[in-house]
Amino acid sequence: MAAQKEVDYMGLLRRVEAGEFGTTGSQAAVASHDPASVAVVAPPSNGDGVSASPAPRRLTPPGRPGFGSVTGATQTATISRELKHRVKNRLIAEMDPDMDLSKTVEVRQRIRALFDLVVDTENTVLTRTERERLFEEAAADIIGFGPIETLLQDATVSEVMVNGPNQIYVEQKGKLRLADVTFDDDEHVRRIIDRIVSPLGRHVDESSPICDARLPDGSRVNIVIPPVSLVGPTITIRKFSKTPLVIDDLIRFGSMTPEIAEFLRACVLARLNIVVSGGTGSGKTTLLNVLSSFIPDDERIVTVEDAAELQLRQDHVVRLEARPPNIEGKGGITIRDLVINCLRMRPERIVVGECRGREALDMLQAMNTGHDGSLTTGHANTPRDMLSRLETMVLMAGMDLPVRAIREQVASAVDLIVQQSRLRDGSRKITNITEVQGMEGEIITLQDVFVFEQEAFEGGKVIGRMKPTGVRPKFMPKIEDAGIRLSPSIFGLADRFF
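Here we take up the overall build of the chain. Of regular secondary structure, the chain possesses 15 helices and 17 strands. Among the 498 residues that make up the chain, the fraction classed as buried is 45%. Taking the contacts inside the chain whose residues are at least 6 apart along the sequence as the reference set, 53% of them involve residues at least 24 apart. Split by element, the accessible area of the chain, about 24,800 Å² in all, is 52% carbon and sulfur.

The following block contains the structure:
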């Protein structure tokens, strides 16, 4: 009988070494000398040569410090992943398929009840922290956005970038870092992508591998899948604050000064046409939101966007959103179509989320035909570059116009260019406020009103401030006609200049 026990025990160890119980050979050797070091399976305790039932497994093997730590971490991750898969699959199988997932509170309560039942039957020992984390992961996969749900709920995260299933980066305080969460595989990422685009009536597949979308809170989403993406399905999410930022927030962040805020507010109220210029991720849309908040409540506003992002608080707002073609390549509605149509909707203000193509011509024509006070954004590194971009975009409309005619349109339509930049320390600031004064020969004349001057770079921070150039804008009479009085000191001038 003793010999039989020895044979069974050695057979058990061989099974452990083969990975049958999710443990490597080195850990099995440790277990043979110190059973308490790794909680795997207890040796047979009965005397008839039949193996006893496996003891409950811990999700995290206790182990001895510094002994097999790498292997133990790998095993822990494997056990955690397998357990999550089993729990999630059983939850999905046992949930009512007709349950309304929009009732988040009720669904979470149902998931919690099923989760407790499933975990209790798994015969696995979990700490309270591990149990709660596993529940949140399972709930996020069912009613949320999977592993990135916690990142989306983190107020300190401004962007989430999924580079395939095994690499997720986030932006915090203007800096990128690698997140400590991953997807299971490509299929897992694709399920979350479908959950994002389905409510919007859009689709992503091999024939249409690129898609722009938005989350329910308005956050911007860009999706690229294979064969275009070589790293697997990618998701880029530009998060929006749950509470829209206001002018006081930008002043507190150092993006502008109170004097700049007062000047921009006067420009919006005086119905100047303003273009917000900047690079990717510089904060153009946020600044456009803030400028739009200065528009009086009694004016009719029509917004045109590729993906609805603006968060205007006025009551009388009509929001238009472009639509991509369907799977047959039909039914697409472009930004240009919407800009042309909104001119028939009696707008008092037109706000275009971003001019990036042929719609620039129609936007300029709207600004020149009585729709003053319009706002838009564009990609450019400097105010002068923004003018060149506008010329190029007008040419993209297919109109064979002379360059001088285009420049005259731009000089007549645009009153002010606000340059927003992302500095090397990750901060976002207004770096130029430039007046478009008109034409001199073949050249559009620009005049800086305010310029950001960097004074130092210390402790990883850019030190500098916005300074007035001492020039009184030529559009000041228009601001004064609106009943707005600005102090000459804003422009660095004495009272005698006004």
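Anyway, onward from the coordinates.
Here Thr-234 lies in strand 8 (residues 234–238). Residue contacts for Thr-234: discarding those within four places in its chain leaves Val-162, Asn-163, Gly-164, Asn-222, Ile-223, Val-224 and Ser-229.

Throughout the structure, instances matching the rule amount to 23 salt bridges. The closest approach of N and O atoms between Glu-136 and Arg-108, which form a salt bridge, is 3.0 Å. Of the two residues, Glu-136 is situated in helix 5 (residues 128–143) and Arg-108 in helix 4 (residues 104–121); the sequence distance between them amounts to 28 residues. Taking the relative accessible area as the measure of exposure, Glu-136 reaches 32% and is therefore partly exposed. Put simply, Glu-299 and Arg-271 hold a salt bridge, and the shortest N to O gap is 3.1 Å. Here Glu-299 is found in the loop between helix 10 (284–292) and strand 10 (301–305), whereas its partner Arg-271 is found in the loop between helix 9 (258–269) and strand 9 (274–278), with 28 residues between them in sequence. Assigned by exposure class, Glu-299 and Arg-271 land together as buried. Linked through salt bridges whose partners overlap, the residues forming this network are Arg-271, Glu-299, Arg-349 and Asp-372.

All right, on to helix 5 then. For helix 5, with 16 residues, the first-to-last C-alpha span of 22 Å sits near the 22 Å given by 1.5 Å per residue. The complete set of buried residues in helix 5 reads Glu-130, Leu-134, Phe-135, Ala-138, Ala-139, Ala-140, Asp-141 and Ile-142.

Our focus in this paragraph is the pairing of strand 10. Among the five residues in strand 10, five count as buried, and that is most of the element. Going residue by residue along strand 10, you find Ile-301, Thr-303 and Glu-305 tucked away on one face and Val-302 and Val-304 tucked away on the opposite face as well. Relative to strand 11 (residues 317–321), strand 10 runs parallel, the two sharing five bridges. Its bridge partner being in strand 11, Val-302 is matched across the sheet by Val-318.

Moving on, we come to helix 10. Of all nine residues making up helix 10, eight are buried, and the element is well covered by its neighbours. Along helix 10, the residues classified as buried are Lys-284, Thr-285, Leu-287, Leu-288, Asn-289, Val-290, Leu-291 and Ser-292.

Residues Phe-263 and Leu-264 are the most contacted members of the largest nonpolar core, which totals 43 residues. It is helix 9 that provides the largest number of residues to this core, a total of seven residues. Leaving out residues up to four positions away in the same chain, Leu-264 has contacts with Met-256, Leu-291, Phe-294, Leu-416, Val-418, Ile-430 and Ile-433. One finds Ile-350, Leu-361, Ala-366 and Ala-397 within the second-largest nonpolar core, a separate group that totals 35 residues.

As a further point, take the sheet that holds strand 6 (residues 210–214). Strand order in the open sheet formed by six strands is 5-4-3-8-7-6, with antiparallel pairing between adjacent strands. Every other strand in the sheet has two partners, leaving strand 5 (175–178) and strand 6 as the edge strands with one partner each. Averaged over all pairs of adjacent strands, the angle between strand axes in this sheet comes to 20°, irrespective of strand direction. Bridge count for strand 3 (residues 157–163) against strand 8 is five bridges, and the pairing is antiparallel. Across the sheet, residue Val-160 finds its bridge partner in strand 8, namely Ile-237. Packing against the sheet, helix 7 (residues 186–197) makes contact with strand 3, strand 6, strand 7 (220–224) and strand 8, and its axis sits at approximately 55° to strand 6.

Reading guide: rules and limits
Residues numbered from 1 in each chain as written. Predicted model: local features only at pLDDT ≥ 70, side-chain atom pairs only at ≥ 80, totals over all residues. Heavy atoms only, no water. Helix = DSSP H or I, 4+ residues; strand = E, 2+ residues; numbered from the N terminus. Buried < 20%, exposed > 50% of the residue type's maximum accessible area, 1.4 Å probe, protein only. Contact = heavy atoms within 4.5 Å. Areas by Shrake-Rupley, 256 points an atom, 1.4 Å probe, with all protein chains shown as cover. Salt bridge = Lys/Arg side-chain N within 4 Å of Asp/Glu carboxyl O. Expected span 1.5 Å × (residues − 1). Pairing = 2+ DSSP bridges. Core = buried A, V, L, I, M, F, W, Y, C linked by side-chain atoms within 4.5 Å. Axes fitted to C-alpha atoms, helices over the stretch in contact; angles between N-to-C directions.

That's the geometry; what it means functionally is another story.
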